[in-house]
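# Reading the structure
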Amino acid sequence: MFSFIRWTFWISVWVLVASVFHYTLPQVDIVRVTDTYEKRIDPGENSLFWAQADVGFDGTLANRDVFFIQTRRVDGDVMVYRNEDTGWGWPPYFKFDTSNLQAEASDLRSTEAAARYVAIKHYGWRNEFLTIFPNAISVRAVDGPDASKGIPWLNILILTLFAAVTYGVWVRWRRFRMARIDPTMEAIEDDLVEASGAVTSWFGSLRRKS
Amino acid sequence: MAALARLMAVGFIVLSVIYVCLSLYSRAVRKGKLRAEWEEGAQDQPLDAFMEEGLAEYDKSLRRKLILSVYVIPLILVSVVVYLTNFA
């Protein structure tokens, strides 16, 4: 029972950590921009997955206009990106050039007949049930649908650093536990065994008497 | 500007905690080294005087001032990311 709870706890923690990284770290898609538009949005339950008003604007109003980039991926699926400032907040992309990015994306629009492919760097998730969209960070024109996405050096660096720090903390915690906590727990367990032995023998003595 | 102010305030607090911890740790390491040095040396000075002299030297050293890079490196990192995201 206890090991079941422990496993559930640790699996939940690691799934959560993995989700945060998967949401936050940049990814690159090769797509064809079909259209760009802006739409008034009123974030509600999904407001966690939306950024805030562009830097410098009044951030207290409930609704605002957001830029969107409509695309079709190489495999034929559609993907819609939002295009918002992350500003000085989380995640730390420090993106302020939302309007410029929208201009670039509009410039790279193409039709299926005369397809022009772009690499779009983004973070975030598309989810239809929450109406959330990945946030585009940058676009650049590429040669074709088979163009390379490049090696994700930043992701490799961040994940390696995270793994190193986690391992360091874990090793130190284990050493501390073996040196300080385990001996104490064992002493308590020994005491318990002795005590329960005494109780059992007392009951045994009752049984013998009857 | 409120968001920038908040980032700077939180950043300053977090980095200050790291700075203080690192300073204390570095000073403790230096103390241990000085003690070892004294025990191996001629011991022509009392331990207290030797330690005091050594720590005064450490306080003036470049190594101690390098700990200030705890503040400088994140500042440079943020500037680089701002440039790469918006202007590169």
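Just so you know, these numbers come straight off a predicted model, no measurement behind them.

### Thoughts on the domain arrangement of chain A
Domain annotation of chain A identifies domain 1 (6-147) and domain 2 (151-210). Taking the mean C-alpha position of each, domain 1 of chain A and domain 2 of chain A sit 45 Å from one another.

### Structural notes on the interface of chain A and chain B
Listed per partner, the contact involves 10 residues of chain A and eight residues of chain B. Class assignment of the residues belonging to the side of chain A that touches chain B gives a composition of six nonpolar, two polar and two charged.

### Some words on the pairing of strand β1 (residues 27-41) of chain A
Residue and element names in this part refer to chain A. Bridge count between β1 and strand β4 (residues 118-123): five bridges; the pairing is antiparallel. Residue pairing across strands places Gln27 opposite His122, the latter belonging to β4. Summarising the sheet, β1 and strand β2 (residues 64-73) pair through 10 bridges and their orientation is antiparallel. Within the sheet, the bridge partner assigned to Lys39 lies in β2 and is Val66.

### Some details on the pairing of β2(A)
Residue and element names in this part refer to chain A. Bridge analysis of β2 against strand β3 (residues 78-83) gives six bridges, and the strand direction is antiparallel. Counterpart to Thr71 in the pairing with β3 is Met79. The loop that links β2 with its antiparallel partner β3 comprises four residues; one of these, Gly76, has a positive phi angle of about 100°.

### Thoughts on the packing of helix α1 (residues 2-40) of chain B against helix α4 (residues 69-86) of chain B
All names here are of chain B. The contact between α1 and α4 brings their axes to 9 Å, and the two run at 140°. With respect to α4, the element α1 is oriented oblique. Residue-level inspection shows Gly11, Leu15, Ile18, Tyr19 and Leu22 of α1 in contact with α4, the latter providing Val70, Tyr71 and Pro74. Looking at side-chain class alone, the contact of α1 with α4 contains seven nonpolar, one polar and no charged residues.

What counts as what
Residues numbered from 1 in each chain as written. Chains lettered and ligands numbered in written order. Predicted model: local features only at pLDDT ≥ 70, side-chain atom pairs only at ≥ 80, totals over all residues. Domains from an automatic or database assignment. Contact = placed C-beta atoms within 7 Å. Nonpolar A, V, L, I, M, F, W, Y, C, P; charged D, E, K, R; others polar. Pairing = 2+ DSSP bridges. Helix = DSSP H or I, 4+ residues; strand = E, 2+ residues; numbered from the N terminus. Axes fitted to C-alpha atoms, helices over the stretch in contact; angles between N-to-C directions. Parallel < 35°, antiparallel > 145°, perpendicular 65-115°, else oblique.

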